[in-house]
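Secondary and tertiary structure notes
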Number of protein chains: 2
Amino acid sequence: MEILKCINSRRSVRNFSKKDVSETDMDDILMAAVRAPNAGNIQEWRFIVVRKRETMEMLAEASFQQKVIASAAVVIISCADMDEIGKAYSSRGKDVYSLQDAAVTCQNLMLAVWDKGIGSCWVGSFDEKKVQNILVLPKNVRPLAIIPLGYPQGHREKQPRKSLEEVVHHEFY
Amino acid sequence: MEILKCINSRRSVRNFSKKDVSETDMDDILMAAVRAPNAGNIQEWRFIVVRKRETMEMLAEASFQQKVIASAAVVIISCADMDEIGKAYSSRGKDVYSLQDAAVTCQNLMLAVWDKGIGSCWVGSFDEKKVQNILVLPKNVRPLAIIPLGYPQGHREKQPRKSLEEVVHHEFY
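Our subject in this report is the structure included herewith. (Residues numbered from 1 in each chain as written. Chains lettered and ligands numbered in written order. Predicted model: local features only at pLDDT ≥ 70, side-chain atom pairs only at ≥ 80, totals over all residues. Heavy atoms only, no water.)

Concerning the overall build of chain A
Along its length, chain A carries 6 helices and 5 strands. Ordered by position from the N terminus, the helices and strands of chain A form the series α-α-β-α-β-α-β-α-β-α-β. Relative to the compact-globule value of 16 Å for 173 residues, chain A shows a C-alpha radius of gyration of 17 Å, a close match. In terms of its C-alpha atoms, chain A occupies a principal-axis envelope of roughly 45 × 45 × 30 Å. For chain A, buried positions account for 60% of its 173 residues. Long-range contacts, defined as pairs at least 24 residues apart, comprise 77% of the intrachain contacts of chain A with a sequence gap of at least 6. Carbon and sulfur atoms provide 50% of the accessible area of chain A, an area that totals close to 7100 Å². Here chain A carries 24 positive and 22 negative side-chain charges, and the mean point of each set is 3 Å from the other. (Helix = DSSP H or I, 4+ residues; strand = E, 2+ residues; numbered from the N terminus. Rg over C-alpha atoms; globule rule 2.2 N^0.38 Å. Buried < 20%, exposed > 50% of the residue type's maximum accessible area, 1.4 Å probe, protein only. Contact = heavy atoms within 4.5 Å. Areas by Shrake-Rupley, 256 points an atom, 1.4 Å probe, with all protein chains shown as cover. Lys, Arg positive; Asp, Glu negative; His and termini not counted. Charge placed at Lys NZ, Arg CZ, Asp CG, Glu CD.)

Here's what the structure looks like:
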């Protein structure tokens, strides 16, 4: 799909069919993720790919019952190795770059997903400690986003956006 | 450009020619930015578009002399309205979502830029207070990334990436 069309047509998908996502597609999707720009090419990003229903159900519970997680074909948990980025950029690395770098991988990933006719959504609200326990993450690996994905089922709502005039300023605020 | 090609071929560009970036292209680029997914569709993102050389030079100084900023055709400063996201999601909004939401707009923006044959790079290291003063940002508007853009000049280096095996885990860490 053409890039602007992909960016503009992409929607958050929260209803998935039972169709599986192939390993080949997952490889393309993860390869797109790691092509993201990142601070100093440290690549502190880490991804956990979950296909086990039981784990998805635990993740849904840790995300304040966001059932969409348990109904996905695959769930990707975007994480950051805080030691790795902290070693390079200390507190700015941990508090800023780790979040930005992981977020950018997630957007690449969600665009690659959409290009394949697959849907996804971004879950940002979850209990980090619970997710760490479920995924057996070391203390230094922080979960930053949960992305359930699968083939869309039913209507996908289009969310309106503020006009550019409302959010863009020229030369200064 | 096809989406995966765009993601995979995009490079950070730090040498720009003198060619200008048109307003029409800027509109497309900013429209792509705001198509990003974001927490609760709050859209706390704000963008400052700078074309004045003098302001660029001040921004370069505030970014520890990163001259690339002063040599760009246009500089976009990605910001977040912390009051807006804080009202909706309190500390998680301010500490996590604001950074993620802005980062995702930046990636959309950088992909749209690349699609047009324009280059950009992500500057994350700067003195936030200085940037706030230069751009007359209100206290609640936090600058999160500086993106200089312009037509590429000369060779663009390709940065290697870790293999997927190094960063992807299955089912748990």
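Details of the relation of the copies chain B and chain A
Once turned by 180° and shifted 0.0 Å along the axis, chain B lies on chain A with an RMSD of 0.0 Å. Those values place the two copies in the arrangement expected of a two-fold rotation axis. (Least-squares fit on C-alpha atoms with pLDDT ≥ 70 in both.)

With respect to the interface of chain B and chain A
With 70 residues of chain B at the contact, the number on the chain A side is 70 residues. Interface area lost by chain B to chain A is led by Arg35, Glu171 and Tyr173 of chain B, which between them contribute 14%. Seen at the junction of chain B and chain A, the total is 4 salt bridges. Across the pair Arg92 of chain B and Glu128 of chain A runs a salt bridge whose closest N-O atoms are separated by 2.9 Å. Applying the counting rule to chain B against chain A returns 46 residue pairs in polar contact (both at pLDDT 80 or more). Elements supplying a minimum of two residues to the side of chain B that touches chain A: α1 (3-9), α2 (23-33), β1 (45-50), α4 (82-115), β4 (141-150), α6 (164-167) and β5 (168-170) of chain B. (Buried area = accessible area lost by both parts, 1.4 Å probe. Salt bridge = Lys/Arg side-chain N within 4 Å of Asp/Glu carboxyl O. Polar contact = N/O pair within 3.5 Å; in protein donor to acceptor, adjacent residues only side chain to side chain.)

Some thoughts on the side chain of His169 of chain A
Structurally, His169 of chain A can be placed in strand β5 (residues 168-170). In this structure His169 of chain A comes out as buried when scored by relative accessible area, which is 18%. Leave out the neighbours within four places in its chain, and His169 of chain A touches Arg46, Phe47, Ile48 and Val49 of chain B.

Limitation: the analysis is restricted to geometry and does not speak to function.
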